[in-house]
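Here's the letter readout for the chains.
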Amino acid sequence: TPSINPDQEVTFQTVISPTTKAGLLTGQVAFSTDNNFYAYAFFLPQGETWATNYASSEKYIYNSLVGYTDNVWKASQTYYWPKQGSLTFFAWTDNTNAPSVAGSTAAIICAADKGMQFLDYDVTSNPNKDMMVAEMANDKNENEETYLKTGVPTLFSHVLAQIQFK
């Protein structure tokens, strides 16, 4: 269990990685401050890295709703950076202010060995959902500035596609 540093709250910086119709990266756009997402983080002691030690990681943040409050993205519960060691982050959203999935057997889980998983996700029960998953942000030990904001870099990408036949 990590020892925390109460002077350094975990915050997030969010952007979306859009693509063109041809599938080419067109640059990042801001994630709407009206929307929310769910975050997960796993802790590893100092000297260990996600690539080699993920199996021994401990849940640190799990399924915590993150929203935009007081000009910063943060979890509904306050989390602090560990004094020693690192955190690896995962996140998902449906690009709304109340992310959810419908269906009696649908489940969203995050596991150290498999990352984000959408189990028994039914497209028919979730019409017009813009499901997005953030790139894993591994081996982080403080907020950083990546996308012109300070926090955990949270780059969302779309995971579902719309197919039309003409």
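Provided above is the structure to which this section pertains.
Residues numbered from 1 in each chain as written. Predicted model: local features only at pLDDT ≥ 70, side-chain atom pairs only at ≥ 80, totals over all residues. Heavy atoms only, no water.

K.L.:
How do you make sense of the packing of aromatic side chains when you look at a structure like this?
P.N.:
The geometry of an aromatic ring pair comes down to the distance between the two centres and the angle between the two planes. Taken as a whole and assessed by the stated rule, the structure comprises 18 aromatic pairs. With centroids separated by 5.7 Å and ring planes inclined at 45 degrees, the aromatic side chains of F37 and W73 adopt a geometry described as tilted. Remark: W73 occurs in strand β6 (residues 72-75) and F37 occurs in strand β4 (residues 37-44); sequence separation between them is 36 residues. The same class applies to F37 as to W73, namely buried. Put simply, the rings of F12, F31, F37, Y68, W73, W81, F89 and F156 pair up and form one aromatic cluster. (Phe/Tyr/Trp six-rings, centres within 6.5 Å; stacked < 30°, edge-to-face > 60°. Helix = DSSP H or I, 4+ residues; strand = E, 2+ residues; numbered from the N terminus. Buried < 20%, exposed > 50% of the residue type's maximum accessible area, 1.4 Å probe, protein only.)

K.L.:
Please clarify how the pairing of strand β10 (residues 115-119) should be interpreted in this entry.
P.N.:
A regular strand carries its side chains on alternate faces of the sheet. Alignment of strand β9 (residues 107-111) against β10, held across five bridges, turns out to be antiparallel. From the neighbouring strand, C110 faces β10, where its bridge partner is M116. Linkage of β9 to β10, two consecutive antiparallel strands, is achieved through a turn of three residues. (Pairing = 2+ DSSP bridges.)

K.L.:
Got a minute to help me understand the pattern of salt bridges in this structure?
P.N.:
Scanning all chains against the criterion turns up two salt bridges. Between K129 and D94 there is a salt bridge, with its nearest N and O atoms 2.7 Å apart. Placement of the pair is K129 in the loop between β10 and β11 (132-134) and D94 in the loop between β8 (86-93) and β9, with a sequence separation of 35 residues. We classify D94 as buried; its relative accessible area is 2%. The partner of K140 in a salt bridge is E144, and the shortest N-O contact between them spans 3.3 Å. What makes E144 partly exposed here is its relative accessible area of 27%. (Salt bridge = Lys/Arg side-chain N within 4 Å of Asp/Glu carboxyl O.)

Such coordinate-based values are descriptive only and should not be taken to indicate function.
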